[in-house]
Amino acid sequence: MTLEEDPPLVIATLIHGVVNDLLYQTTFAQPHFPELVELAVIGTGLGVLRSNLLLIKKAPSFWDSTQWQVAPPPFLNIQSLAYANALAAWTRQQSAPDWIQDLHAEVKRPMKRSLKYLSKTNDTFFEPQAKQNRLDQSQDQWWELMRHPSASTQIIAIRHANSEQELTQDQQSALLEKLRSTERSTTLHAISATERLASGQGNEISDSVADQIRMLVDHRDDEIRAKAMCALTTINRVDGSTIDAAANMVEDDVRHVVFAGVHALTTVDKVPDYVLPSIDRSFIKALKACDYEFAGLFTKGYSRWCENPRQHLEELLHDSPEFLPIAMEALEQSPQQVVNIG
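Calculation criteria
Residues numbered from 1 in each chain as written. Predicted model: local features only at pLDDT ≥ 70, side-chain atom pairs only at ≥ 80, totals over all residues. Heavy atoms only, no water. Helix = DSSP H or I, 4+ residues; strand = E, 2+ residues; numbered from the N terminus. Buried < 20%, exposed > 50% of the residue type's maximum accessible area, 1.4 Å probe, protein only. Contact = heavy atoms within 4.5 Å. Areas by Shrake-Rupley, 256 points an atom, 1.4 Å probe, with all protein chains shown as cover. Lys, Arg positive; Asp, Glu negative; His and termini not counted. Charge placed at Lys NZ, Arg CZ, Asp CG, Glu CD. Salt bridge = Lys/Arg side-chain N within 4 Å of Asp/Glu carboxyl O. Core = buried A, V, L, I, M, F, W, Y, C linked by side-chain atoms within 4.5 Å.

> Even after reading the chapter, I still don't get the overall build of the protein chain, so can you show me in this structure?
Looking only at helices and strands, the protein chain features 17 helices and 0 strands. Taking the principal axes of its C-alpha atoms as reference, the protein chain extends roughly 70 × 60 × 35 Å. Looking at the protein chain residue by residue over its 342 residues, the buried ones come to 46%. For the protein chain, long-range pairs separated by at least 24 residues make up 63% of all intrachain contacts whose partners lie at least 6 apart in sequence. Per element, the accessible surface of the protein chain, about 18600 Å² overall, is 52% carbon and sulfur. Of the charged side chains in the protein chain, 31 are positive and 45 negative; the average position of the first set lies 7 Å away from that of the second.

Written as structure tokens, this is what we have:
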């Protein structure tokens, strides 16, 4: 591509490269994350051109924001561009900078709302004038910050809170409080923290925390209920009520909700008879969609639930012989299947 063909894109790419080099020179921790480079471009005041290139108009069908460090998105979407620009203006104490007028309309509107919110509340963990790294906190301080009035500070604290020993009563209470939050992001990060803390040595999750997560599997928000179901699976708290909730997820139209339900069910040795027809219908739907990843997940379950999974699939697909070879191949490979729900 030449400068004449698309000047804004070419110049934005050059800016991106220069800022990326700057991050490497300053030994920034993660200069290879494209999204972080884009944030740095905006932070240095060079982001207007990039903000007018809407590389991602909508978020992917599923992206777990609580696991950002594992799978960051390749580019900032519209909302992220808007917030990053608002934060850049807020750090410079600009309540209505002239360069807002140069932003794409789809970015400008949410950017103005975010800037107004930041100017009114100062609700951000980032403090540009801080004399020390605010991430340098002790574990006691992180647990204390989980009760900070700022929602953004709460989330950062939840992400960093950890324990090498059994959780104290106060820590369990703090986690339970965040799980009951009316703030969607806070709830999602609290669920993620529960999974992380449960994996620590000697960290037994209390029944009250597990019960609260069980309540969340019926949440109206698809991401919350799916994440809650996955958390219960991770911490080995799948019980009868969880199985019923998982069964309701199996025939959902949202892919990661279906994944959460089937994934939970594959961890139990037997599913109730009334659940199997829903699983069968969803499995056939996956086969019709040529969704081989999900086909592998389902056959992993059949291998566990059915005494003779091969016979079950032959009977199930009697009227659809074109799908039988795919199902049998998935059945043979099911122990090695890895499902990517991105």
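Here the narrative resumes, following the displayed structure.
> For this particular structure, what's the right way to read the environment of Glu195?
One can find Glu195 in helix H9 (residues 184-198). Spatially, the C-alpha atom of Glu195 lies 8.3 Å from that of Leu232, the residues being 37 residues apart in sequence.

> Quick question: what am I supposed to make of the pattern of salt bridges here?
Opposite charge on two side chains permits them to pair, given that their charged atoms come into close proximity. Enumeration according to the criterion identifies 17 salt bridges in this entry. Notably, a salt bridge pairs Arg214 with Asp239, separated by 3.0 Å at the nearest N-O pair. Of this pair, Arg214 sits in helix H10 (residues 207-216) while Asp239 sits in the loop between helix H11 (222-234) and helix H12 (240-250), and the two are 25 residues apart along the sequence. By relative accessible area, Arg214 is classed as buried at 17%. Through salt bridges that share partners, Arg147, Glu177 and Lys178 make up one connected network.

> What is the right way to look at the nonpolar core in this model?
Side chains of a nonpolar character, in soluble globular proteins, are inclined to be buried together. Core analysis: the biggest nonpolar cluster contains 67 residues, and Leu265, Ile279, Phe298, Tyr302 and Trp305 have the highest contact counts within it. In this structure Tyr302 touches Leu276, Ile279, Asp280, Phe283, Pro309, His312, Leu313 and Leu316, once residues within four positions along its chain are discounted. Core analysis: the second largest hydrophobic core is formed by 17 residues, Ile78, Leu87, Leu103 and Val107 among them.

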